[in-house]
Amino acid sequence: MKQKGSHLSTSTPVPPIDGQLSPRYAGFTTFARLPRIDDVAEHDLAVVGVPFDSGVTFRPGARFGPGGIREASRLLRPYNPALEVAPFEAVQVVDAGDIDCNPFDITTALGEIEAGISALAKGGKPVMVLGGDHTIALASLRALHREHGPLALVHFDAHLDTWGPYFDTPVTHGTPFRVAIEEGLLLKEHSAHVGIRGSLYSADDLSDDEELGFTIVHAREFHTTPFTEIIERISARIGDAPLYISIDIDVLDPAHAPGTGTPEAGGLTSRELLELLRGLRGKNLVGADVVEVAPAYDHASITSVAASHCAYDLVSIMGARVASRSGR
Ligand SMILES: N=C(N)NCCCC(=O)O
Ligand SMILES: [Zn+2]
Ligand SMILES: [Zn+2]
């Protein structure tokens, strides 16, 4: 059924469905009730789901992350006061649906995900990826590296994800950033992990990570270091490089994100994470992901709501940059 409030437009961006015309809990589920990619002639920024979780080492279920995040995103309103932008007004943001990827073969799936993201990013268009487990970040970095060359990375996570192979399998959700460094996808001196905590396999995990070139903002530093200083440190690290932000939702404390596969106590609050993202406004953000949302372990959509709000801020930052670059 054609939805009230949906329409095809030519000159101005097609906005999300208006909650005053069609209740926010009604109709087809797209991110923030945006138009689907097929509903518009062209897009400036795409949101895409990657329902893949064959790389997990503990609880499965992140394949249902895109659906959970989209459902929670119905509540989003068109104006983002924290960033002072109306992200869907100046540029055409679309929901590109989900990338079909093989659940039984990680290498095949990564190729499919990379191809899907590449198609959406062609010409340097920013992409907002909804995971999926953290394995998919590797495909996303490969795709965006093709467009932009080596990228700065800000990686929000409880885990380093620079471990080596598990069961002789080199690419899993515990390894994407090691492989990304090895493939030359990242600018080492401009990359950082934020929110790291929890038990490790050995003390070497930290020194191995340092040898790969990352810097770490540990979760416990949030107790001892002023928040603005942390933002400045991350911001200085990135500089003007093309930036990719990867958010593993388990960077949040399990109280703020119970719906995830490898939870670790002692994490960030959702307010802290959102403020960190907002501190990166104005950066050359070319792509981002929110991963590891596993709705089966969630309660009252706490995790999906947090993830959808992170994605909204990331879309706001990317959209504002596209708009200012094209004089819109
Ligand atoms: N990327 C996430 N969420 N977790 C990685 C955990 C890998 C491990 O426990 O060995
Ligand atoms: Zn993690
Ligand atoms: Zn991770």
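Keep in mind that what you see is a predicted model, and the values were worked out from it rather than measured. (Residues numbered from 1 in each chain as written. Chains lettered and ligands numbered in written order. Predicted model: local features only at pLDDT ≥ 70, side-chain atom pairs only at ≥ 80, totals over all residues. Heavy atoms only, no water.)

So, about the pattern of salt bridges. Taken as a whole and assessed by the stated rule, the structure comprises 13 salt bridges. The salt bridge involving Arg-328 is made with Asp-44; its shortest N-O contact spans 3.2 Å. On the criterion of sequence distance, the pair formed by Arg-328 in the segment after helix H9 (302-325) and Asp-44 in the segment before strand S1 (45-50) is long-range, its members being 284 residues apart. Residue Arg-328 is classed as partly exposed on the basis of its relative accessible area of 48%. The salt bridge involving Arg-278 is made with Glu-275; its shortest N-O contact spans 3.0 Å. In this pair, Arg-278 and Glu-275 are both assigned in helix H8 (residues 270-278), three residues apart and thus about one turn of the helix distant. (Salt bridge = Lys/Arg side-chain N within 4 Å of Asp/Glu carboxyl O. Helix = DSSP H or I, 4+ residues; strand = E, 2+ residues; numbered from the N terminus. Buried < 20%, exposed > 50% of the residue type's maximum accessible area, 1.4 Å probe, protein only.)

Once that is clear, we can look at helix H7 (residues 227-238). Think of an α-helix as 3.6 residues a turn; residues three or four steps apart then line up on the same face. Here H7 is twelve residues long and its end C-alpha atoms lie 17 Å apart, about the 16 Å a rise of 1.5 Å per residue gives. Of the positions making up H7, those classed as buried are Ile-230, Ile-231, Ile-234 and Ile-238. The buried side chains of H7 occupy one side of the element, clustering within an arc of 100° when seen end-on. Set apart from the buried face of H7 by more than 90 degrees, the exposed residues are Thr-228, Glu-232 and Ala-236. At its buried positions, H7 is contacted by strand S4 (152-156), strand S5 (192-196), strand S6 (215-218), helix H6 (221-224), strand S7 (243-248) and H8. (Expected span 1.5 Å × (residues − 1). Arc of directions from axis to C-beta. Contact = heavy atoms within 4.5 Å.)

On the surface, Asp-204, Asp-208, Glu-210 and Glu-211 cluster together into a patch of negative charge. Structurally, the position occupied by Asp-208 is in helix H5 (residues 204-212). Asp-208 sits in the partly exposed class, given a relative accessible area of 33%. (Patch = residues over 30% accessible without salt bridge, like charges linked within 9 Å, V, L, I, M, F, W, Y side chains within 5 Å. Areas by Shrake-Rupley, 256 points an atom, 1.4 Å probe, with all protein chains shown as cover. Lys, Arg positive; Asp, Glu negative; His and termini not counted. Charge placed at Lys NZ, Arg CZ, Asp CG, Glu CD.)

Around the zinc ion (ligand 3), the protein supplies His-134 (ND1), Asp-157 (OD), Asp-161 (OD) and Asp-248 (OD) as donor atoms, at distances of 2.0 to 2.2 Å. Donor residues for the zinc ion (ligand 3) sit on one chain with the sequence pattern H-x22-D-x3-D-x86-D. A gap of 3.2 Å separates the zinc ion (ligand 3) and the zinc ion (ligand 2), which Asp-157 links by coordinating each metal. Each member of the pair, Asp-157 together with Asp-161, is buried. (Donors = N, O, S within 2.8 Å, 3.2 Å for Na, K, Ca; no water.)

Residues in close proximity to ligand 1 include Thr-57, His-134, His-159, Asp-161, Trp-163, Tyr-166, His-173, Tyr-201, Asp-248, Asp-250, Thr-262 and Glu-292, which together make up its full environment. Taking Asp-161, its side chain carries an N or O atom lying 3.0 Å from a nitrogen atom of ligand 1. Alone, ligand 1 offers 310 Å² of accessible surface; in the complex the protein occludes 92% of this. Along the lines of polarity and charge, the residues of the shell around ligand 1 split into three nonpolar, five polar and four charged. (Near = heavy atom within 4 Å. Polar contact = N/O pair within 3.5 Å; in protein donor to acceptor, adjacent residues only side chain to side chain. Nonpolar A, V, L, I, M, F, W, Y, C, P; charged D, E, K, R; others polar.)

If you trace the backbone, Asp-157 turns up in the loop between S4 and helix H4 (176-182). The side chain of Asp-157 is buried and forms no salt bridge, while Arg-197, the nearest opposite charge, is found at 6.8 Å. Within the structure, the side chain of Asp-157 is placed 3.1 Å from the side chain of His-134, a separation counted as a polar contact.

This part covers the coordination of the zinc ion (ligand 2). In the first shell of the zinc ion (ligand 2), the protein supplies Asp-157 (OD), His-159 (ND1), Asp-248 (OD), Asp-250 (OD) and Asp-250 (OD), at 2.1 to 2.4 Å from the metal. Bound by six donor atoms, the zinc ion (ligand 2) shows angles of 57 to 161° at the metal and therefore irregular coordination geometry. In the primary sequence, the donor residues of the zinc ion (ligand 2) line up as D-x1-H-x88-D-x1-D. (Tetrahedral: all angles 85-135°; square planar, octahedral: opposite > 155°, others 65-115°.)

Attention now moves to the nonpolar core. Counting 55 residues, the largest nonpolar core has Met-128, Phe-156, Ile-245, Ile-247 and Leu-314 as its most contacted members. For this core, the secondary-structure elements that each account for two or more residues are S1, strand S3 (127-131), S4, H7, S7, H8, strand S8 (285-291) and H9. Among the elements that take part in this core, H9 stands out by supplying eleven residues, more than any other. If we skip the residues at most four places from it in the chain, Ile-245 touches Val-154, Phe-156, Leu-277, Leu-280, Leu-285, Gly-287, Ala-288, Asp-289 and Leu-314. Counting 39 residues, the second largest nonpolar core, distinct from the first, contains Val-50, Phe-52, Leu-138 and Phe-214. (Core = buried A, V, L, I, M, F, W, Y, C linked by side-chain atoms within 4.5 Å.)

Turning our attention to the UniProt feature "binding site: Mn(2+)" (unreviewed entry) in the protein. The UniProt record annotates "binding site: Mn(2+)" (unreviewed entry) at His-134, Asp-157, His-159, Asp-161, Asp-248 and Asp-250. Over a stretch of 117 residues, the named residues converge on one spot in the fold, their C-alpha atoms separated by at most 12.1 Å. With respect to the helices and strands, the residue His-159 is situated in the loop between S4 and H4. In this view, His-159 contacts Ile-196, Asp-248, Asp-250, Thr-262 and Glu-264; residues no more than four positions away in its chain are not counted. Only 3.4 Å separates the side chain of His-159 from the backbone oxygen of Thr-262, close enough to count as a polar contact. Along the chain, Asp-250 falls in the loop between S7 and H8. Excluding anything up to four places from it in sequence, Asp-250 contacts Asp-157, Ala-158, His-159, Arg-197, Thr-260 and Thr-262. (UniProt positions renumbered as here; feature names shortened; annotations may be inferred.)

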